[in-house]
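# Breakdown of the fold
So the chains spell out like this:
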Amino acid sequence: MTTESSPAFHPALPEPPEREARPEWADLPPEVLSEIEKITGKILNAEIAWGGYSPSACFRATAADGGKYFIKGSHPGQTAHGAKALQQEINAYKTLKFLQELAPRFHGSVSVGDEDDWRLGIWDMVDGKTALPWTVAKTQAVVELLWQLHSSVIRSDVADLPDGRESNHVSDFFLGERLWKRFEREDDSNRQQHFAALFEDADAARHWLETHLPELVRLQSRMRAMTGPEGVVHFDLRSDNILFNPESRAVIVDWTDTCWGQVLLDVVLFAQCVAAESGIPPQSIIKYYEEVSGHQYPREDVLSVVATVTGYFADNAWRAVPQELPRLRWVQSICLQAGLSWLAAEGVIPLPGTLGRK
């Protein structure tokens, strides 16, 4: 990774023009605004903050004293999942005191009613730029920050942090369950057909799946026995969760899925998402992380994680597009393509064809 910029790149599928249905600042009930201003002081102006693929409430707000805040959370238009996600992130900030060095400062939270009502967290707003377009210099900055995260603490220092093997949302990754394995079931041919329909030549993709599924399942199944370095894992390192401050320092946001587990998952997921959004080879990101961390990962371990992460996207990209999440299947599809291309480049499997889903 010696060049400073990435090649010109176009995702396999065009990004949908629609955006998520997010509430306006004017939609906040007076009692919620009052609670927010107890923390921030009088808010002079606020606007929707775009970025990410969820329908959560997200605002950029400026207070009378000049303070700038990022305010996000769940609202009555969401399910209870949004409130749970916010609480998990708040718990991460309370558990991981060192986050003040890696992430925006957390000021507090407000809520009204039950879990289906307004629940918002308040952070410092990062004045800076988004991660896109990716450059080699940006990926290196994130890798260095990741190593700082992964090497910051030992398990006993963060005993309250969930273990990835026991967290319902992410345990399939750490234990090598479901994902590609779901396509093996004889009574689940619909899943196979839906996956094949993602590609321009569905028949060829179906044959590809039948031929190469055993190898993908084998690689995924190795996850249970892998014994690589462990640490605090962010587990959602897409470009929309990474910012760069005016000093070009990387800042990681959205700690909803944070857990304890094998750090290679974090690095592979980051590298795969970068590959989906740029022309930067994911293998070069793994290599740079190995240089920074001083630990070299066995090739088979890296491929197992790539296959596992790709299995997640394979089992989600084919699903119907949720009305409130118009870009979700798109980003899952381009990440699926990036993972399949990575495995093909390593000679594990050939590509199943060209994605054709609009």
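Above: the structure in question.
Definitions and limits used
- Residues numbered from 1 in each chain as written.
- Predicted model: local features only at pLDDT ≥ 70, side-chain atom pairs only at ≥ 80, totals over all residues.
- Heavy atoms only, no water.
- Pairing = 2+ DSSP bridges.
- Helix = DSSP H or I, 4+ residues; strand = E, 2+ residues; numbered from the N terminus.
- Contact = heavy atoms within 4.5 Å.
- Axes fitted to C-alpha atoms, helices over the stretch in contact; angles between N-to-C directions.
- Expected span 1.5 Å × (residues − 1).
- Buried < 20%, exposed > 50% of the residue type's maximum accessible area, 1.4 Å probe, protein only.
- Bend = angle between axes of the 7 residues up to and from the residue.
- Polar contact = N/O pair within 3.5 Å; in protein donor to acceptor, adjacent residues only side chain to side chain.

### As for the sheet that holds strand S9 (residues 250-252)
Ordered by their spatial adjacency, three strands build an open sheet running S6-S8-S9, and the pairing between neighbours is antiparallel. At either end of the open sheet lies a strand with only one pairing partner, and these are strand S6 (129-130) and S9. Here helix H3 (residues 136-150) sits on the sheet in contact with S6, strand S8 (242-244) and S9, set at roughly 55° to S9.

### Description of helix H9 (residues 299-314)
Taking 1.5 Å per residue as the helical rise, H9 with its 16 residues ought to reach 22 Å, and the 22 Å between its terminal C-alpha atoms agrees with that figure. Of all 16 residues in H9, 13 are buried; the element is thus mostly enclosed.

### Looking at helix H6 (residues 202-221)
Its 20 residues place the ends of H6 26 Å apart at the C-alpha level, agreeing with the 28 Å of an ideal helix rising 1.5 Å per residue. Remark: the principal bend of H6, roughly 50°, maps to His-212, with a proline, Pro-214, within the next four residues. Residues Ala-205, Trp-208, Leu-209, His-212, Leu-213, Leu-216, Val-217, Leu-219 and Gln-220 constitute the buried set of H6. Contact partners of the buried residues in H6: helix H5 (189-196), H9 and helix H10 (328-345). Regarding H6, its N-cap is Asp-201, as a side-chain oxygen of that residue lies 3.3 Å from the backbone nitrogen of Asp-203 further along.

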